[in-house]
Amino acid sequence: MKYRKAEHLNNAKYEIRGKVADKAAQLKLRGINILELNIGNPGIFGFQVPDTMNMAIIRNLDKAAAYSDSKGIFAAREAIVIETQNIGIKGVDIDHVFLGNGVSELIMMSMEALLNPEEEVLIPSPDYPLWTAAVNIANGKAVHYNCDSENDWQPDLEHMEAQISARTRALVVINPNNPTGAVYSKETLEEITAIARRHRLIIFSDEIYSKILYDDIEHVPMAILSDDVLVVTFNGLSKSYRACGFRAGWLYLSGPVQQAEDYIDGLTQLLSMRLCSNVPAQWAIQTALGGNQSIYQLTADGGRLKRQRDLTIKRLRAIEGISCVNPQSALYAFPEIDLSLFDFDDDEDFIIKLLEEEHVLLVQGSGFNYDRSYAFRVVFLPHEETLNKAFDRLENFLSIHRKA
Ligand SMILES: Cc1ncc(COP(=O)(O)O)c(C=O)c1O
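Residues numbered from 1 in each chain as written. Predicted model: local features only at pLDDT ≥ 70, side-chain atom pairs only at ≥ 80, totals over all residues. Heavy atoms only, no water.

For the protein, an unreviewed UniProt entry supplies the name alanine transaminase and the organism Rubritalea profundi. The UniProt entry for the protein carries this comment under Sequence similarities (unreviewed entry): "Belongs to the class-I pyridoxal-phosphate-dependent aminotransferase family." Per UniProt, the comment on the protein under Cofactor (unreviewed entry) is "pyridoxal 5'-phosphate". (UniProt positions renumbered as here; feature names shortened; annotations may be inferred.)

Following this line, the structure appears as structure tokens:
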């Protein structure tokens, strides 16, 4: 007798915490120190949550033991509405702001509430793989549109539109992007809006890195661009406020919400059944959004994140066989590697051998539903000293595996 998992999980990959990470965990149990450049979790690299956010939680703990409203507490949702007004989004109603246990839970629920079997959602390739997994777990079908490194990882809009079928319900935009660090221009976003309008699709816009920006690049929120296309925007405390463990994220709907009553009803149903999200962390949201945005000190010239990003690009580009587009946002570089120069079978073989031989942990490009060239993701959260050590090892490793 075998107790089997549900078949839809066979189409749900999450390699960031998958097979290679399991191998790393086994090595750690044998006492080996691993240089972990695989997860975008600022708290483990010495980045701190603003003290005011911790204080907001502590001072409200006596109110946080009970379940809250399923959508979340009023103060947090009101602060999110004010933030939408400050960034130029019109008409977001507090009733259309929902808090979740991180953006992750809301991604799952937003797909579960939307999809009937075989209905399709367009997702970027490469992607943040939870999006593809969430569609497949909801028994829908993830269909990928290309983002191209030759074009700074911008979406290929012709390919995007060509991927639309009669069964397509929605398109997902991850902007700023994980894993590529790309930020999309207003013109590109307007064209995506036009595609959604032509085909009556909902846009799901994951903007969790909207405040982690380098080189004066501007982030344009998808929801400011139209009032006739339904946009569901996601954001949260995990990255810009370095509070991954709080599990606090939100989504809001904008545009023709009156046409989305049934969908909102479905979402509300799912939110109600899970009662509410983590209440103590909900109390940090108003303080986070209203306070000093300390992330900007980290991303400005001389700031820790900016220095680490610059070092990462410099070190990667110095290796023959590796090319790397400049990430303009987020915590990642997504370099490509010309595997014909080396003796690896594929990107996973490369990443596993790097782990086994040099104890450096990265994630292979195929873990982000990307297979048009070989790539890998580097998290540049560790201090410069650790990054330098990891790149020294990578360089050494590739010199050993270079074909004669
Ligand atoms: C693009 C993107 N969306 C969503 C998430 C999930 O974030 P949360 O911690 O809010 O669940 C991540 C986490 O890395 C991410 O990179």
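Structure shown, so let's carry the discussion forward.
**Q** Can you break down the domain arrangement of the protein residue by residue, with the values?
**A** Looking at the assigned domains, one finds that the protein contains domain 1 (7-48 + 297-401) and domain 2 (51-290). Taken together, the contact pairs 35 residues of domain 1 with 35 residues of domain 2. The three residues of domain 1 that bury the most area against domain 2 are Gln328, Asn369 and Arg372, which together make up 20% of that side's buried surface. Where domain 1 touches domain 2, the interface holds 3 salt bridges. With a shortest N-O distance of 2.8 Å, Asp148 and Arg372 are connected by a salt bridge. Connecting domain 1 to domain 2 are 22 residue pairs in polar contact (both at pLDDT 80 or more). By residue number, the principal contributor to the side of domain 1 that touches domain 2 is helix α11 (residues 304-317), which donates 3 residues. (Domains from an automatic or database assignment. Contact = heavy atoms within 4.5 Å. Buried area = accessible area lost by both parts, 1.4 Å probe. Salt bridge = Lys/Arg side-chain N within 4 Å of Asp/Glu carboxyl O. Polar contact = N/O pair within 3.5 Å; in protein donor to acceptor, adjacent residues only side chain to side chain. Helix = DSSP H or I, 4+ residues; strand = E, 2+ residues; numbered from the N terminus.)

**Q** Go over the packing of helix α4 (residues 102-112) against helix α8 (residues 261-273), please, and point to the residues and values.
**A** Between α4 and α8, the least distance of the axes is 9 Å, while the angle of their chain directions is 130°. With respect to their mutual orientation, α4 and α8 come out oblique. Of the two elements, α4 crosses α8, and the hand of that crossing is right-handed. Taking contact as the criterion, the partners of Leu106, Met109, Ser110 and Glu112 in α4 are, on α8, Tyr263, Leu267, Leu270 and Leu271. The class makeup of the residues in the contact of α4 with α8 is 6 nonpolar, 1 polar and 1 charged. (Axes fitted to C-alpha atoms, helices over the stretch in contact; angles between N-to-C directions. Parallel < 35°, antiparallel > 145°, perpendicular 65-115°, else oblique. Left-handed = near helix turned anticlockwise from the far one by under 90°. Nonpolar A, V, L, I, M, F, W, Y, C, P; charged D, E, K, R; others polar.)

**Q** Please provide a residue-by-residue account of the sheet that holds strand β7 (residues 202-206), values included.
**A** Read across the sheet, 8 strands follow the order β2-β9-β8-β7-β6-β3-β4-β5 without closing on themselves; strand pairing throughout is mixed. Strand pairing shows two members of the sheet lacking a second neighbour, β2 (97-100) and β5 (154-155), which therefore form its edges. Sheet topology places strand β3 (residues 120-125) next to strand β6 (residues 168-174); 3 bridges connect them, and they run parallel. Considered in β6, the bridge of Glu120 is made with Thr168. (Pairing = 2+ DSSP bridges.)

**Q** Before we move on, could you go through the packing of aromatic side chains and cite the residues and values that matter?
**A** With the rule as written, the count across this model stands at 15 aromatic pairs. Ring geometry for Phe204 and Phe234: centres 6.2 Å apart, planes at 40°, overall tilted. Of this pair, Phe204 sits in strand β7 while Phe234 sits in strand β8 (residues 231-236), and the two are 30 residues apart along the sequence. Put simply, the rings of Phe342, Phe344, Phe350, Phe376 and Phe397 pair up and form one aromatic cluster. Across the ring face of Phe47, the terminal group of Arg304 is positioned such that the distance to the ring centre comes to 3.8 Å. (Phe/Tyr/Trp six-rings, centres within 6.5 Å; stacked < 30°, edge-to-face > 60°. Lys NZ or Arg CZ within 6 Å of the ring centre and 35° of its normal.)

**Q** Describe the site of the ligand, listing the residues and the values that go with them.
**A** If you check the shell around the ligand, you find Gly102, Val103, Ser104, Tyr128, Ile174, Asn178, Asp206, Ile208, Tyr209, Ser238, Lys239 and Arg247 and nothing else. In the environment of the ligand, an oxygen atom lies 2.7 Å from a nitrogen or oxygen atom belonging to the side chain of Asn178. Interatomic distance of 2.7 Å between a side-chain N/O atom of Arg247 and an oxygen atom of the ligand. Starting from 400 Å² of accessible surface for the ligand in isolation, the protein chains cover 94%. Per-element accounting of the shell around the ligand gives the leading share, 3 residues, to α4. Partitioning the shell around the ligand into residue classes produces 5 nonpolar, 4 polar and 3 charged. (Near = heavy atom within 4 Å. Areas by Shrake-Rupley, 256 points an atom, 1.4 Å probe, with all protein chains shown as cover.)

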